[in-house]
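Summary of structural features
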Amino acid sequence: MKEKIRTLLEDALPLVDFDSSFLFSELDSLGITTILMILADEFHITMEATDATPRNFKNIDSLVALVERKLG
């Protein structure tokens, strides 16, 4: 799942460093919204505005954990 998410996000946001130790600092509000929309569409989950937290956007692993929690 991690590689699938990485590929989806790198294709959509090629200028973002997804290897950053704090991904949230690499993103603006449009980037965060784009990521939430991509993940919601790809995995058929509902994302909320409250999911856009620094904790959930720390790195790729935290995004994978977010998706896994939503898939529950």
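For the structure itself, look to the data block above.
Residues numbered from 1 in each chain as written. Predicted model: local features only at pLDDT ≥ 70, side-chain atom pairs only at ≥ 80, totals over all residues. Heavy atoms only, no water.

It is worth spelling out the packing of helix 2 (residues 29-43) against helix 3 (residues 60-71) at this point. Two elements in contact, helix 2 and helix 3, have axes whose closest approach is 11 Å; the angle formed by their N-to-C orientations is 45°. Overall, the two elements helix 2 and helix 3 adopt an arrangement that is oblique. Helix-helix and strand crossings are classified by hand; for helix 2 and helix 3 the assignment is right-handed. Note on element contacts: helix 3 touches helix 2 through L63, L66, V67 and L71, opposite I35, L36, L39 and F43. (Axes fitted to C-alpha atoms, helices over the stretch in contact; angles between N-to-C directions. Helix = DSSP H or I, 4+ residues; strand = E, 2+ residues; numbered from the N terminus. Parallel < 35°, antiparallel > 145°, perpendicular 65-115°, else oblique. Left-handed = near helix turned anticlockwise from the far one by under 90°. Contact = heavy atoms within 4.5 Å.)

The next subject is the side chain of N56. Along the chain, the position of N56 falls in the loop between helix 2 and helix 3. Separated by 2.8 Å, the side chains of N56 and R69 make a polar contact. Setting aside its immediate chain neighbours within four residues, N56 contacts D51, S62, L63, L66 and R69. (Polar contact = N/O pair within 3.5 Å; in protein donor to acceptor, adjacent residues only side chain to side chain.)

Tracing the backbone shows M47 in the loop between helix 2 and helix 3. Given the relative accessible area of 15%, M47 is considered buried. Placed 15 residues apart in sequence, M47 and I32 show a C-alpha to C-alpha distance of 11 Å. Aside from chain neighbours lying at most four places away, what touches M47 is L36, L39, A40, L66, V67 and K70. (Buried < 20%, exposed > 50% of the residue type's maximum accessible area, 1.4 Å probe, protein only.)

The subject of this paragraph is the environment of F24. Its location among the elements puts F24 in the loop between helix 1 (2-12) and helix 2. Sequence spacing of F24 and E68 is 44 residues, and the spatial spacing of their C-alpha atoms is 19 Å. Excluding its chain neighbours within four sequence positions, the residues that come into contact with F24 are I32, A52, T53, P54 and F57.

It is worth spelling out the nonpolar core at this point. Formed by 22 residues in total, the largest nonpolar core has its most connected members in L9, F18, L27, I35, L39 and M47. Here the element with the most residues in this core is helix 2; it accounts for seven residues. Once you skip the residues sitting within four places of it in the chain, I35 turns out to touch L9, L13, F18, L27, F57 and L63. (Core = buried A, V, L, I, M, F, W, Y, C linked by side-chain atoms within 4.5 Å.)

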